[in-house]
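# Structural description and commentary
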Amino acid sequence: MSCSQIINSVVKNDLCTGCGLCTLACSNNSLKMELNEYGFYIPVTIKECSSECQCIKVCPFNPTPDLEVRTENEIADLFLQQENPHIQDQIGRYTGLYAGYSIENRLSSSSGGIATYILTELLKKGVIQHVISVKESKFAEKHYEYIISSTEEELKSASKTKYYPVTLENSLKKIKELNGNIAIVGVACFIKAIRLAQHYDPVLKQKINFLVGIICGGIKSTFFAEYLASKAGVSPSEYKKPNFRVKDINSTASNYAFSCMDKAGEEKLIKMWKVGDMWGTGLFKANACDFCDDVTTELADISLGDAWIEPFSNDGKGTNVIVTRSKLAEILIQEGISKKELFISQLSEEQFIKSQQGSFNHRHVGLLYRKNKYLSKNIQIAPKRFDNLKISLLLKLIQKMRMRTREKSLEYWKEEKNAQVFDKKMHASLFILKKITRLNHIQRGIIRRIKKVLPL
């Protein structure tokens, strides 16, 4: 086994999300993460790897994983089995389901500030000494990168969501040099890769003590930020300090804006509703995200996302949905409630699933169609748990159009980085996708009404 396996079976099949764990696992240091032509991090070979390295084993999209880590279910059994009294197929193993916010950190965060609160508490208690999370980069051309924080003050500057590609490559290589324990913040595929690395490396299992999982709608290319900057009236080659979640505290949670600085240092802002649907259309999204069935970041100690259900979604200040998956995470939430530092409501499984329903529909219901498309090309993907759900012809058409709009968005923006030109090129595809998606909603509504009136 060598680095060529991860390059040939993952990268060349467009199934990499750029976590960078393979660069850490390669015993010959033969891999390096670089941005590709579409604005995503991928590993590239910098020298021949002649040794028997383990890099493919820590890849979250490894098509041939070992049986004991075959899917998220098996990995959860290794790390979380003793921790959680509840198991739900879509949510995973969990202790508690909540919605709420940190009173101190809410306004300075993208959502409810729970991640900042939890990590601060871990530092205060001495459970961890360092946090690896995404912060503003020291290098202007990167905008954001994973950086190690070792104080509460350093941590506070990492409280905003960044829809921008990053890699764990450099930060993780410093782990064994750090004194003390570490917490890491990441999306589902990154957290899975970390758990795999912990499984194969006892040192990482010992030093990484807590994982904060971010519920993710898909990893975006650097093209996404460039496009939003162009929509805001700033040259894609000159924008600085992109801020993807500018809240309007007097409006709803979804009425947020994107902002950035132009060459002269003036802030430019555009409301996201003016841009259109950037998530359901798959624009600028990594292809590998279409083959991830972990909606809720199941392998983290605590999973956090936006509470996209009423009444929480009506509050522009922001509210998190929260899934505790370890005893420590549950203790921290309960202590925060007792000290009146957290405002928390308990959720039922149905409420939680509803809060992320769009992602469940796409990641689970449409997975079989996307998998079959790859299998028809003789491309093998990692084992999946929700790849047996048959869908209607209309839903198949929606899946086909989403895959097409995702691919076109990257090709068109690579050709010419101008939002006005891009919008014209994408108009027909997005119009068709919008109409068939609307038809699907109508169809679902009719079916629900029929089921209500028919006798059991």
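From a predicted model like this one, the values you see are computed outputs, not experimental measurements. (Residues numbered from 1 in each chain as written. Predicted model: local features only at pLDDT ≥ 70, side-chain atom pairs only at ≥ 80, totals over all residues. Heavy atoms only, no water.)

### Quick look at the packing of helix 15 (residues 393–415) against helix 16 (residues 419–453)
Viewed as axis vectors pointing N to C, helix 15 and helix 16 meet at an angle of 170 degrees, and their least axial separation amounts to 10 Å. Regarding the angle of helix 15 to helix 16, the classification is roughly antiparallel. In this structure, the crossing between helix 15 and helix 16 has a hand that is left-handed. Here the residues of the contact of helix 15 with helix 16 sort into 15 nonpolar, six polar and four charged. (Axes fitted to C-alpha atoms, helices over the stretch in contact; angles between N-to-C directions. Helix = DSSP H or I, 4+ residues; strand = E, 2+ residues; numbered from the N terminus. Parallel < 35°, antiparallel > 145°, perpendicular 65-115°, else oblique. Left-handed = near helix turned anticlockwise from the far one by under 90°. Nonpolar A, V, L, I, M, F, W, Y, C, P; charged D, E, K, R; others polar.)

### A few points about the pattern of salt bridges
Going through the model one piece at a time under the given rule, you end up with 29 salt bridges. With a closest N to O distance of 3.0 Å, Lys176 and Asp201 form a salt bridge. With Lys176 in the loop between helix 6 (169–172) and strand 8 (182–187) and Asp201 in the loop between helix 7 (188–200) and helix 8 (202–207), the pair connects residues that are 25 residues apart, well separated along the chain. The shortest N-O distance in the salt bridge between Glu341 and Lys339 comes to 3.6 Å. Overlapping salt bridges bring together Glu72, Lys192, Asp293, Glu298 and Arg385 as one network. (Salt bridge = Lys/Arg side-chain N within 4 Å of Asp/Glu carboxyl O.)

### Quick word on the sheet that holds strand 13 (residues 302–306)
Spatial ordering of the open sheet is given by 7-6-8-9-13-14-5-15, a layout of eight strands whose pairing is mixed. Of all the strands in the sheet, the pair left with one neighbour each is strand 7 (144–149) and strand 15 (342–346). This sheet shows a mean twist of 30 degrees between the axes of neighbouring strands, independent of strand direction. Alignment of strand 13 against strand 14 (residues 320–324), held across five bridges, turns out to be antiparallel. Paired with Ile302 across the two strands is Thr324, which belongs to strand 14. Sheet strands touched by helix 11 (residues 327–338): strand 5 (96–102), strand 9 (208–214), strand 13, strand 14 and strand 15. Its angle to strand 15, the strand with the most contacts, is close to 115 degrees. (Pairing = 2+ DSSP bridges. Contact = heavy atoms within 4.5 Å.)

### Quick notes on unusual backbone geometry
In this chain, Glu310 is followed by Pro311 through a cis amide linkage whose omega measures 5 degrees. With a phi angle near 55 degrees, Thr297 is a residue other than glycine that sits in the positive phi range. Mapped onto the elements, Thr297 comes out in the loop between helix 10 (272–275) and strand 13.

### Here we look at the packing of aromatic side chains
Scanning the model with the defined rule gives 17 aromatic pairs in all. Centroid distance Tyr101 to Phe343: 5.3 Å. Interplanar angle 20 degrees. Geometry classified as stacked. Placement of the pair is Tyr101 in strand 5 and Phe343 in strand 15, with a sequence separation of 242 residues. Assessed through its relative accessible area of 19%, Tyr101 is described here as buried. With a relative accessible area of 49%, Phe343 lands in the partly exposed category. The ring of Trp279 has Lys220 lying over it, and the distance from NZ or CZ to the ring centre is 4.3 Å. (Phe/Tyr/Trp six-rings, centres within 6.5 Å; stacked < 30°, edge-to-face > 60°. Buried < 20%, exposed > 50% of the residue type's maximum accessible area, 1.4 Å probe, protein only. Lys NZ or Arg CZ within 6 Å of the ring centre and 35° of its normal.)

### Comments concerning the sheet that holds strand 11 (residues 257–261)
Read from one edge of the open sheet, three strands run 10-11-12, paired in antiparallel fashion. A single partner strand is all that each edge strand has here, and the edge strands are strand 10 (240–246) and strand 12 (267–271). Looking at each pair of strands side by side, their axes are set apart by 15 degrees on average, direction ignored. The pairing of strand 11 with strand 12 spans five bridges and is antiparallel. Across the sheet, residue Phe258 finds its bridge partner in strand 12, namely Ile270.

### Some details on a positive patch on the surface
Together, Lys373, Lys377, Lys400 and Arg404 make up a region of like positive charge exposed at the surface. Residue position: Lys373 is located in helix 14 (residues 367–375). Residue class for Lys373 comes out partly exposed when judged on its relative accessible area of 34%. (Patch = residues over 30% accessible without salt bridge, like charges linked within 9 Å, V, L, I, M, F, W, Y side chains within 5 Å. Areas by Shrake-Rupley, 256 points an atom, 1.4 Å probe, with all protein chains shown as cover. Lys, Arg positive; Asp, Glu negative; His and termini not counted. Charge placed at Lys NZ, Arg CZ, Asp CG, Glu CD.)

### Here we look at the packing of helix 3 (residues 72–79) against helix 7
Across the interface, helix 3 lies against helix 7 with an axial gap of 11 Å and an inter-helix angle of 55 degrees. Relative to helix 7, the element helix 3 lies oblique. Where helix 3 crosses over helix 7, the handedness of that crossing is left-handed. Contacts between helix 3 and helix 7 involve Glu72, Ile75, Leu78 and Phe79 from the first element and Lys192, Arg195, Leu196, Gln198 and His199 from the second. Of the residues that constitute the contact of helix 3 with helix 7, the class distribution is four nonpolar, two polar and three charged.

### Topic: a nonpolar patch on the surface
Where nonpolar side chains cluster on the molecular surface, the patch consists of Leu439, Ile442, Ile446 and Ile450 and spans about 330 Å² of accessible area. One can find Leu439 in helix 16. Residue classification places Leu439 among the partly exposed positions, given a relative accessible area of 49%.

### Considerations on helix 3
Looking at helix 3, one finds that the buried residues are Glu72, Ile75, Ala76 and Phe79. Looking down the long axis of helix 3, one finds its buried residues gathered within 100 degrees of arc, a one-sided arrangement. Along its buried surface, helix 3 packs onto strand 4 (92–94), helix 7 and helix 8. (Arc of directions from axis to C-beta.)

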